[in-house]
Amino acid sequence: MTEDFNTMVETAEEYCRLIESSGSDNQDWLTRVFSLLPRLHAAITAQMNQNGHVIAPLDANLENRFELFTELHNLLGERDAYWMEYDMLHEEEHKSGSLADDLTDIYCELKFGLNQLEQEPDYSKILDNWKYGYQMHWGRHLVDAERHLYELSTKNQLA
């Protein structure tokens, strides 16, 4: 394993632990998520130049995903929904972005890879799955979450 891959695994583990601790009485939880996402972004970006075969990851457990999404949605309350750039084109008040959805989708992709790593330590396969998922799905969620959390931070709404 490379040092960059080890950094990616450690950052993914930290992210998953942080998301799993969301229900605990932790006032700085969202601030910690805000500071961790750029590190996660840097860790996966460092992996993107590595050669490998792009393969599609397996489907996530939708029941577990919905359960986590619901928990995060309830925790975030009014801080969950945000405007997407195309929302402003419509006259109705509809915010289509969801921080809970972003954090959940990132979690599901990373946790799937970490679980695979425990069962079958083929790190190149796991890395290929993370890279594919980042390019096709969770990378956009990562950028959207970073942008929304930045907006919340400028309004002192992280705590």
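Please refer to the structure higher up on the page.
These numbers come from a predicted model, not from an experiment. (Residues numbered from 1 in each chain as written. Predicted model: local features only at pLDDT ≥ 70, side-chain atom pairs only at ≥ 80, totals over all residues. Heavy atoms only, no water.)

(A) Inspection of the side chain of Asp144 at higher detail. Structurally, Asp144 is set in helix H5 (residues 123–154). Not counting residues up to four positions away in its chain, the partners in contact with Asp144 are Tyr82, Met84 and Asp102. (Helix = DSSP H or I, 4+ residues; strand = E, 2+ residues; numbered from the N terminus. Contact = heavy atoms within 4.5 Å.)

(B) Representation of the packing of aromatic side chains. Using the criterion set out here, one finds four aromatic pairs in the structure. Residues Phe5 and Tyr123 carry aromatic rings whose centres are separated by 5.0 Å and whose planes lie at 45° to one another, so their mutual orientation is tilted. Highlighted residues: Phe5 in helix H1 (residues 3–20) and Tyr123 in helix H5, separated in sequence by 118 residues. According to the relative accessible area criterion, Phe5 is buried, its value standing at 0%. Exposure remark for Tyr123: the relative accessible area of 29% places this residue in the partly exposed category. What links up through ring pairs into an aromatic cluster is the set Phe5, Tyr123 and Trp130. (Phe/Tyr/Trp six-rings, centres within 6.5 Å; stacked < 30°, edge-to-face > 60°. Buried < 20%, exposed > 50% of the residue type's maximum accessible area, 1.4 Å probe, protein only.)

(C) Region of the structure containing H1. For H1, built from 18 residues, the straight-helix expectation of 26 Å at 1.5 Å per residue is met to within 8% by its first-to-last C-alpha distance of 26 Å. Three or more residues of H1 are buried, namely Phe5, Met8, Val9, Thr11, Ala12, Tyr15, Cys16, Leu18 and Ile19. Those residues of H1 hidden inside the fold are in contact with helix H2 (29–47), helix H3 (62–76), helix H4 (99–119) and H5. (Expected span 1.5 Å × (residues − 1).)

(D) Structural context of the packing of H4 against H5. For the pair H4 and H5, interaxial distance at closest approach is 9 Å and the crossing angle is 155°. Considering the angle they form, H4 stands roughly antiparallel to H5. When the axes of H4 and H5 are compared, the crossing they make is left-handed. Considering only residue class, the contact of H4 with H5 consists of 15 nonpolar, seven polar and six charged. (Axes fitted to C-alpha atoms, helices over the stretch in contact; angles between N-to-C directions. Parallel < 35°, antiparallel > 145°, perpendicular 65-115°, else oblique. Left-handed = near helix turned anticlockwise from the far one by under 90°. Nonpolar A, V, L, I, M, F, W, Y, C, P; charged D, E, K, R; others polar.)

(E) Spatial organisation of the environment of Leu76. Examined against the element boundaries, Leu76 turns out to sit in helix H3. Note: C-alpha distance between Leu76 and Leu99 (23 residues apart in sequence) is 8.1 Å. With sequence-adjacent residues up to four places away left out, Leu76 is seen in contact with Trp29, Leu30, Leu99 and Ala100.

(F) Focus on the nonpolar core. Counting residues in hydrophobic clusters, the biggest one holds 38 residues, and the most contacted among them are Tyr15, Leu103, Leu110 and Trp130. Of all the secondary structure elements, the ones that give two or more residues to this core are H1, H2, H3, H4 and H5. Beyond its immediate stretch of four places on either side in the chain, Leu103 contacts Tyr15, Ile19, Trp29, Val33, Leu37, Leu72 and Ala145. (Core = buried A, V, L, I, M, F, W, Y, C linked by side-chain atoms within 4.5 Å.)

(G) Region of the structure containing the side chain of His141. Along the chain, the position of His141 falls in helix H5. By relative accessible area, which is 13% here, His141 ends up buried. A distance of 2.9 Å separates the side chain of His141 from the side chain of Asp105, its partner in a polar contact. Setting aside residues up to four positions removed in sequence, His141 forms contacts with Asp101, Asp102, Asp105 and Ile106. (Polar contact = N/O pair within 3.5 Å; in protein donor to acceptor, adjacent residues only side chain to side chain.)

(H) Focus on unusual backbone geometry. One non-glycine residue, Asn156, lies in the positive phi region at around 55°. One can find Asn156 in the segment after H5. Judged by relative accessible area, which is 72%, Asn156 ranks as exposed.

(I) How the structure looks around the pattern of salt bridges. Applying the stated criterion across every chain, the model contains six salt bridges. Residue Asp105 pairs with Arg65 through a salt bridge whose shortest N-O separation is 2.6 Å. You can see Asp105 sitting in helix H4 and its partner Arg65 sitting in helix H3, a full 40 residues away along the chain. For Arg65, a relative accessible area of 17% translates into the label buried. Asp144 is the salt-bridge partner of Arg147, the closest N and O atoms lying 3.8 Å from each other. (Salt bridge = Lys/Arg side-chain N within 4 Å of Asp/Glu carboxyl O.)

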